[in-house]
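This is what each chain is made of:
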Amino acid sequence: MMLAREALAARTESANGWMQGTPPGRTVRRVIDGLIEIELVDRSMTLAARIFTSVLPVMIAASTLSSWHLTARTIKTQFGFDPTELSSTSGAVDATDPSFAAFGVVGLLMIAISGTSFARALARIYGKIWNVPSINLRDAWRWLVVLFAVALSSTAIGLASELTSVRFIGPPLAVAGEFAVWMAVWTLSPYLLTMGTLEGRVLWATGALTAAALTTLHVGGRILLPRITASAQHQFGSLGLVFTAISWLFVMSVVIVGAAVITKALALDEAYIGRYLRGPDAVASERSAESLPENDGSHHQ
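Residues numbered from 1 in each chain as written. Predicted model: local features only at pLDDT ≥ 70, side-chain atom pairs only at ≥ 80, totals over all residues. Heavy atoms only, no water.

### Some details on the overall build of the protein
To keep things clear, this is the line we draw: We count a stretch as a helix when DSSP gives it H or I for four or more residues in a row; a strand needs E for two or more, and each element gets its number in order from the N terminus. Using a 1.4 Å probe on the protein chains alone, a residue whose accessible area is under 20% of its type maximum counts as buried, one over 50% counts as exposed, and one in between counts as partly exposed. Surface accessibility follows the Shrake-Rupley procedure with a 1.4 Å probe radius. Residue values consider only the protein chains on display as shielding.
When helices and strands are tallied, the protein shows 12 helices and 0 strands. The buried share of the protein, reckoned over its 301 residues, is 43%. Working note: accessible area of the protein is about 15500 Å², and carbon and sulfur atoms make up 66% of it.

In structure tokens, the structure reads:
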């Protein structure tokens, strides 16, 4: 219903300028306006900082309960630095020690509670894009679920990368596995953070677009990141690894925010794509709303 009202309002806008003359042009204009309105650079930088300070600690803490080597490899390929290089001088820790495992569980819970700032920042972004109310404390569990979903996706992606060892079809199978993981995460996240107000088709479109962009970015990162990281580490040492990670996280955040904005613009499209994403109920509501003035006028006659 919410998208139906916005789509109806979008069709009644005046067609000024060449970009407003056709439905595709108006969709492009909505994308541009949406990126400006959401303040893409500022929001993406904030989100990148939250990932670095909230999601990465949860990934590292959760690795004490699973496989550190798998998590470390995923962090290196996804975020541009090898965490083992930062901790190599701190000495080995026996993760099988019961006291360490207990501390890992308690520490993970403490880090998760303090690390919900990432999910809260993402919820504010989705709230502004989709015009949905903020999450209250009663639904704070949604922040935790999103935080863990994003953090633990690294392990799932690491497992998917193991598929490269499959003969002949290994690499494309690994890419497909990574896409599936990202799509699940970025379909679930907007669903939870918008309180389930979005249509199912819109959620799937957001997940698919975000997953496609992140998977493509990751494939490119496998080529670019090793060179960029080596250069930064040579010039700035360990601090260079942090610079590289923040920069790469910023690019990823641009993808996450931009995908949501583009999906919103497509959902308001007047042609087939928009009607499909809004669903038959929303389209029926739009037609009903459009016919009201005509019906009212016929009654007066």
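Here the narrative resumes.
### Concerning the nonpolar core
Let me state the cut-off plainly: Among buried residues, those of type Ala, Val, Leu, Ile, Met, Phe, Trp, Tyr and Cys that are joined through side-chain atoms within 4.5 Å constitute a nonpolar core.
Formed by 51 residues in total, the largest nonpolar core has its most connected members in Phe-118, Leu-122 and Trp-186. Of all elements in the fold, only α3 (40-63), α7 (117-130), α8 (141-161), α9 (170-193), α10 (200-236) and α11 (238-267) reach the threshold of two or more residues within this core.

### Regarding unusual backbone geometry
Non-glycine residue Glu-39 carries a positive phi angle of around 60°. Tracing the backbone shows Glu-39 in the loop between α2 (23-37) and α3. Exposure remark for Glu-39: the relative accessible area of 42% places this residue in the partly exposed category. Here the phi dihedral of Met-195 falls at roughly 60°; this positive angle occurs in a residue that is not glycine. Here Met-195 lies in the loop between α9 and α10.

### Structural notes on α2
The cut-off we apply is this: The span you would expect from a helix comes to 1.5 Å times its residue count less one.
The end-to-end C-alpha separation of α2 is 20 Å, in line with the 21 Å expected for 15 residues at 1.5 Å each. For α2, the set of buried residues is Gly-25, Arg-26, Thr-27, Arg-30, Val-31 and Gly-34. The positive-phi residue at the C-terminal boundary of α2 is Glu-39, with phi of around 60°.

### Some thoughts on the packing of α10 against α11
Threshold: For every element, the axis is a line fit to its C-alpha atoms; helices are fit only across the contacting stretch, and the angle between N-to-C directions ranges from 0 to 180 degrees. Should an angle lie under 35 degrees it is considered roughly parallel, over 145 roughly antiparallel, and from 65 to 115 roughly perpendicular; all remaining angles are considered oblique. Crossing chirality is assigned from the near helix's rotation relative to the far helix, an anticlockwise turn below a right angle marking it left-handed and a clockwise turn marking it right-handed. Here the term charged refers only to Asp, Glu, Lys and Arg, the term nonpolar to Ala, Val, Leu, Ile, Met, Phe, Trp, Tyr, Cys and Pro, and the term polar to all other amino acids, Gly among them.
Relative orientation of the contacting elements α10 and α11 amounts to 160°, with a least axis distance of 9 Å. Relative to α11, the element α10 lies roughly antiparallel. Crossing hand, α10 versus α11: right-handed. Here the contact of α10 with α11 is composed, by residue class, of 21 nonpolar, 9 polar and no charged.

### Description of α8
Convention followed: At any given residue, the bend is defined as the angle formed between two axes, one fitted to the seven residues that end at that position and one fitted to the seven that begin there.
Along its 21 residues, α8 runs 30 Å from first to last C-alpha, staying within 8% of the 30 Å computed at 1.5 Å per residue. Considering bend angle alone, the principal kink of α8 is centred on Ser-153 and spans about 30°.

### Quick notes on the pattern of salt bridges
As a reminder, the rule being used: The term salt bridge refers to a side-chain nitrogen of Lys or Arg lying within 4 Å of a carboxyl oxygen of Asp or Glu.
Under the criterion given, the structure shown has 2 salt bridges. The partner of Arg-29 in a salt bridge is Asp-33, with the nearest N and O atoms 3.1 Å apart. A residue pair is termed a helical-turn pair when its members lie 3 or 4 positions apart in one helix, as Arg-29 and Asp-33 do in helix α2 at 4 residues. We classify Asp-33 as partly exposed; its relative accessible area is 34%. The salt bridge partner of Arg-142 is Asp-139, with a shortest N-O separation of 4.0 Å.

### Here we look at the packing of aromatic side chains
When we look at a pair of aromatic rings, we describe it by the centre distance and by the angle of the planes. Cut-off, in case you're wondering: Aromatic rings from Phe, Tyr and Trp, with only the six-membered ring used for Trp, were paired whenever their centres fell within 6.5 Å, and each pair was classed as stacked if the ring planes differed by under 30 degrees, edge-to-face if by over 60, and tilted otherwise. To sit over a ring, a charge needs its Lys NZ or Arg CZ within 6 Å of the ring centre and within 35 degrees of the ring normal.
Tallied over the full model, the rule gives 1 aromatic pair. Plain terms: the ring middles of Tyr-272 and Tyr-276 are 6.1 Å apart, the flat faces sit at 25° to each other, and that makes the pair stacked. You can see Tyr-272 and its partner Tyr-276 sitting in helix α12 (residues 272-300), 4 residues apart, about one turn around the helix. You can call Tyr-272 exposed: its relative accessible area is 58%. Over the face of the ring belonging to Trp-143 we find Arg-120, whose NZ or CZ atom lies 5.8 Å from the ring centre. The ring of Tyr-276 is capped by Arg-201, whose NZ or CZ atom sits 4.3 Å from the centre of that ring.

### Comments concerning the packing of α9 against α10
Their axes nearest at 7 Å, the elements α9 and α10 cross at an angle of 135°. It follows that α9 is oblique to α10 by the angle criterion. Along this stretch, α9 crosses α10, giving a crossing that reads as right-handed. Tallied by class, the residues present in the contact of α9 with α10 amount to 14 nonpolar, 6 polar and 2 charged.

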